[in-house]
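What the coordinates show
One letter stands for each residue in the lines below.
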Amino acid sequence: MDWEKLYLDIAEINKGKKPTVADIGCGFGGLLTALSPEMPDKLLLGMEIRVQVTNYVEDRIIALRQQNADNDKYKNIAVLRGNAMKFLPNFFEKGQLEKMFFCFPDPHFKQRKHKARIITTTLCSEYAYALRPGGIVYTITDVEDLHKWMVEHLEKHPLFERLPESWEKNDRCVEIMTTETEEGKKVSRNGGSKFIACFKRLEDPLE
């Protein structure tokens, strides 16, 4: 990937850098824009499969950069239209990422559609490929069945270990993920529940 094309306006501050934080299925960009000032020294990438939604996030980022023309705010985020479920290794090198977010993914309620869920046994291996050891997978959903599904598949994978609730309560990214996404705000307005699970990428086993 030629990342400089995506982060075109960023002058010298990000030269040679690659994204290390990915929001998979970023929706309307609420998480990206909230995380941006929290991680000024990192590049953040949102991946979204829907054309119109991707265009909206692009426009949102451009507007935020223009509003902050006198500083470097929001120059560390970008959005890319792509299907992470099919092509993730085409975008990221091995161990490139330190954080991956899966916020309110499509639950695909019908059993025959479960194979289309964003967390599966095969995809967990791809996420482990892109994440460096010690990296974190963040998941949040308002669908308890999907939450249990994601936990089950990540716990079964030998390269992921679930982090305790005490860790979640002290992690700033969990706080932002819970409150700042558009979907999360909608769930709060409707009085729904939010189910969170975070997993650490373990060291590769010795050959």
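What you see is a predicted model, and the numbers here were worked out from it, not measured in a lab.

**Some words on helix α4 (residues 84–91)**
Of the residues making up α4, those classed as buried are A84, L88 and F91. Projected onto a plane normal to the axis of α4, the buried residues spread over an arc of 80 degrees and lie on a single side. For α4, the exposed residues lying more than 90 degrees away from the buried face are K86 and N90. Contacts from the buried residues of α4 go to α1 (3–6), β1 (21–24), β2 (44–48), β3 (77–81), β4 (97–103) and α5 (121–130).

**Focus on the UniProt feature "binding site: S-adenosyl-L-methionine" (unreviewed entry) in the chain**
The sites that UniProt annotates as "binding site: S-adenosyl-L-methionine" (unreviewed entry) are G25, E48, I49, N83, A84, C103, T181, E182 and E183. Excluding its chain neighbours within four sequence positions, the residues that come into contact with C103 are D23, L31, I140, M177 and T181. Mapped onto the elements of the fold, E182 is located in helix α9 (residues 182–189). Residue E182 is classed as partly exposed on the basis of its relative accessible area, which comes to 31%. Not counting the four nearest positions on each side in its chain, E182 is found in contact with F28, G29, G30 and R60.

**So, unusual backbone geometry**
Its identity as a non-glycine residue notwithstanding, Y74 has a phi of 65 degrees, on the positive side. Turning to its location among the elements, Y74 is positioned in the loop between α3 (51–67) and β3. For F104, which is not glycine, the phi dihedral falls at a positive 50 degrees. With respect to the element layout, F104 can be found in the loop between β4 and α5.

**Here we look at the packing of aromatic side chains**
If you walk through the whole model with that rule in mind, you get 5 aromatic pairs. Note on F101 and Y138: the rings are 4.4 Å apart at their centroids and 15 degrees apart in plane angle, and the pair reads as stacked. Separated by 37 residues along the polypeptide, F101 in strand β4 and Y138 in strand β5 (residues 131–141) bring together distant segments of the chain. We classify F101 as buried; its relative accessible area is 0%. Through a chain of ring-to-ring contacts, the aromatic side chains of F101, Y138 and W167 assemble into a single cluster. Against the face of W149 rests R117, its NZ or CZ located 4.9 Å from the ring centre.

**Notes on the side chain of T139**
Positionally, T139 belongs in strand β5. On the accessibility criterion, T139 (1% relative accessible area) is buried. Filtering out sequence-adjacent residues up to four positions away, T139 remains in contact with F102, M150, L154, M177, F195, I196 and A197.

**A look at the sheet that holds β1**
If you trace the 7 strands from one edge of the open sheet to the other, you get β3-β2-β1-β4-β5-β7-β6, paired in mixed fashion. Both edges of this open sheet fall to β3 and β6 (160–162), since each of them pairs with a single strand only. Going across the sheet, the axis of each strand differs from the next one's by a mean of 20 degrees, ignoring polarity. In the packing of α3 onto the sheet, the strands contacted are β2 and β3, and the crossing angle to β3 comes to about 160 degrees. Helix α8 (residues 172–180) contacts β4, β5 and β7 (195–201) of the sheet and is inclined by roughly 30 degrees relative to β5.

What counts and how
- Residues numbered from 1 in each chain as written.
- Predicted model: local features only at pLDDT ≥ 70, side-chain atom pairs only at ≥ 80, totals over all residues.
- Heavy atoms only, no water.
- Buried < 20%, exposed > 50% of the residue type's maximum accessible area, 1.4 Å probe, protein only.
- Helix = DSSP H or I, 4+ residues; strand = E, 2+ residues; numbered from the N terminus.
- Arc of directions from axis to C-beta.
- Contact = heavy atoms within 4.5 Å.
- UniProt positions renumbered as here; feature names shortened; annotations may be inferred.
- Phe/Tyr/Trp six-rings, centres within 6.5 Å; stacked < 30°, edge-to-face > 60°.
- Lys NZ or Arg CZ within 6 Å of the ring centre and 35° of its normal.
- Pairing = 2+ DSSP bridges.
- Axes fitted to C-alpha atoms, helices over the stretch in contact; angles between N-to-C directions.

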